[in-house]
Amino acid sequence: MSVTSLDDLGWQLQPQDHLEPHTHPDHRHPARVVQQGRGAWHVHDGQHTRVARLRSRSTAEPVAGDWVLIQVEDDRDAWIESVLPRRTSLARVVAGPRSEPQVIAANVDLVGICTPADAVNPRRLERELTAVWESGARPVVVVTKTDLVPDPEVVVADVAPVALGVEVIPVTVTTAGGAAPLAGALGPGETMALIGPSGVGKSSLVNALVGEQVLATTDVRADGKGRHTTTSRHLVPLPTGGLLLDTPGMREFAPWASQGALADAFADIDELADGCRFSDCRHDVEPGCAVLAAAENDPAVAERLASWRALQRELAWLERRNDARLMAEERRRWASIMRSARGQIRP
């Protein structure tokens, strides 16, 4: 699909109060980030793709999928003046020792959680689903490389108890039309981000849906682990009218999410909890716990409960750590204000 307007990039799905920049007196106009790099971004304003940089260091750095206000200085390059409010924001915990969110994609309507048919990891799926529910986007599970298993429907049936209430779409890029069901999930102007570990086939999937090789691909390693092919995030328009956002593979995925998103991802545990004697039951040692009773009688429930407990502990720890970080930042901010004030009143 050739992009000829902002609506081709999903502008019509943005809140109406975002339309005001069209008529801004200083000639700023909206564009969407279609590729995220280091220190520079490729943005599309419905007519041209431009290389854009931040006007000010105080401007928040945009991510792929963001809508930004740009001002064009010449025929090619542009300055990013500001980032418009996000409809949705998919985030994980940044890699390393810091407890901060890393936004993976913005303003996406769906998130395709990719998992290979021959190596489904239910525990990773649970973590990714938690993050997607928190983002405000709708999750779908994309079972890739179905040509590697005898019966893809068996894999779909195995995934269903983990992806409760979520559409599961089996795809393959080795047969004509094998990836088409994924394109059918996208409406005109809608954006789907693809996430998953390296080697799961995200870039190959994008190429199959576009009909040509727009993203580089590599084979998996001899040990079966994926190689990092995508090193930046790309927003690619599809011939059917939707857009796909390919993301680099992530070996580990720690969701930046709330307890509410955890309840969405573990709707089966939440439903069982309605039968507990106490409304604040922790499903640990409390008498009359319906969740514990179900876990004793069903190994699948016991496995889900163990995953729920692990993620609940992780999110609670992250919340405490983030609160401590924010408190420390606030103390440092006020200390700086007081030092500045004392300097101003000295004789």
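Below, the structure is looked at part by part. No experiment lies behind these values; they were computed from the predicted model shown. Along each chain, residue indices are assigned from 1 in the same order as the chain's sequence is written. Restriction of local features to residues with pLDDT of at least 70 applies here, the model being predicted, together with a cutoff of 80 or more for giving and counting side-chain atom pairs; totals for whole chains, interfaces and linings are based on all residues. For side-chain calculations, the full set of non-hydrogen atoms in the structure is used, while hydrogens and water are omitted.

### Digging into the pairing of strand S9 (residues 138-144)
As a reminder of what qualifies: For every residue, the accessible area (1.4 Å probe, protein chains only) is compared with the maximum for its type, and the residue is labelled buried under 20%, exposed over 50%, or partly exposed between those bounds. In this description a helix means any DSSP run of H or I spanning at least four residues, a strand means any run of E spanning at least two, and both kinds are numbered starting from the N terminus. Think of it this way: DSSP has to see at least two bridges between two strands before they count as a pair. Whether a crossover is right-handed depends on one test, that the path from the first strand over the helix to the second runs clockwise when the strands point away from the viewer.
Most of S9 sits out of view: 6 of its 7 residues are buried. Sheet analysis places strand S8 (residues 110-116) next to S9, joined by 7 bridges and oriented parallel. Within S9, the position partnered with Cys-114 by the bridge is Val-142. For the segment spanning S8, helix H1 (residues 122-135) and S9, crossover handedness is right-handed.

### Some thoughts on the nonpolar core
One broad rule of soluble globular proteins: the nonpolar side chains tend to lie buried together. Short version of the rule: Residues belong to a common nonpolar core when they are buried Ala, Val, Leu, Ile, Met, Phe, Trp, Tyr or Cys residues joined through side-chain atoms within 4.5 Å. We call two residues contacting when some pair of their heavy atoms lies within 4.5 Å.
Counting 56 residues, the largest nonpolar core has Val-111, Val-141 and Ile-195 as its most contacted members. For this core, the leading source of residues is helix H8 (residues 299-345), giving 5 residues. If near-sequence neighbours (up to four positions away) are discounted, Val-111 is found in contact with Leu-90, Val-132, Ala-137, Arg-138, Pro-139, Val-140, Met-192, Ala-193 and Ile-195. Among the nonpolar cores identified, the runner-up in size contains 21 residues, and Val-140, Ile-169, Ala-185 and Leu-186 belong to it.

### Overview of the pattern of salt bridges
The following threshold applies: We define a salt bridge as a contact between a side-chain nitrogen of Lys or Arg and a carboxyl oxygen of Asp or Glu at a distance within 4 Å.
Applying the stated criterion across every chain yields a total of 11 salt bridges. The residue Asp-45 makes a salt bridge to Arg-50 at a minimum N-O spacing of 3.4 Å. Arg-50 matches Asp-45 in its accessibility class, with the two residues each being buried. Across the pair Arg-304 and Glu-126 runs a salt bridge whose closest N-O atoms are separated by 3.0 Å. Residue Arg-304 is found in helix H8, and its partner Glu-126 is found in helix H1; the two are separated by 178 residues along the sequence. For Glu-126, a relative accessible area of 2% puts it in the buried group. Through salt bridges with shared partners, a single ionic network connects Arg-123, Glu-126, Asp-268, Glu-303 and Arg-304.

### Topic: a negative patch on the surface
Basically, it comes down to this: Here, patches come from residues exposed beyond 30% relative accessible area and free of salt bridges, joined within 9 Å for like charges and within 5 Å for nonpolar side chains (Val, Leu, Ile, Met, Phe, Trp, Tyr). The Shrake-Rupley method, run with a 1.4 Å probe, gives the accessible areas here. Residue values count only the displayed protein chains as cover. The positive count covers Lys and Arg only, the negative count covers Asp and Glu only, and His and the chain ends enter neither. Working definition for charges: the position is that of NZ of Lys, CZ of Arg, CG of Asp or CD of Glu.
Side chains of Asp-264, Asp-270, Glu-271 and Asp-274 sit close together on the surface and give a patch of like negative charge. Overall, the relative accessible area of 67% leaves Asp-274 in the exposed class.

### Things to note about the pairing of strand S12 (residues 233-237)
Where burial is concerned, most of S12 is hidden: 5 out of the 5 residues are buried. Of the two faces of S12, both are covered, the one formed by Arg-233, Leu-235 and Pro-237 as well as the one formed by His-234 and Val-236. As paired elements, strand S1 (residues 29-36) and S12 share 2 bridges and run antiparallel to each other. The residue bridging Gln-36 from the neighbouring strand is Arg-233, located in S12. Summarising the sheet, S12 and strand S13 (residues 243-246) pair through 4 bridges and their orientation is antiparallel.

### Here's the deal with helix H2 (residues 152-159)
Stated formally: The arc refers to the directions leading from the helix axis to the C-beta atoms. Pairs of N or O atoms are called polar contacts if they sit within 3.5 Å, as long as, within protein, a hydrogen donor faces a hydrogen acceptor (for residues adjacent in sequence, only side-chain-to-side-chain pairs).
Buried within H2 are the following residues: Val-155, Val-156 and Val-159. Buried residues along H2 cover an arc of 100° about the axis, so they all sit on one side. What points out from H2, more than 90 degrees from its buried face, is the exposed set Glu-153 and Asp-158. Where H2 is buried, its residues touch H1, S9 and strand S10 (167-170). Where H2 begins, the side chain of Asp-151 points an oxygen toward the backbone nitrogen of Glu-153, at a separation of 3.1 Å.

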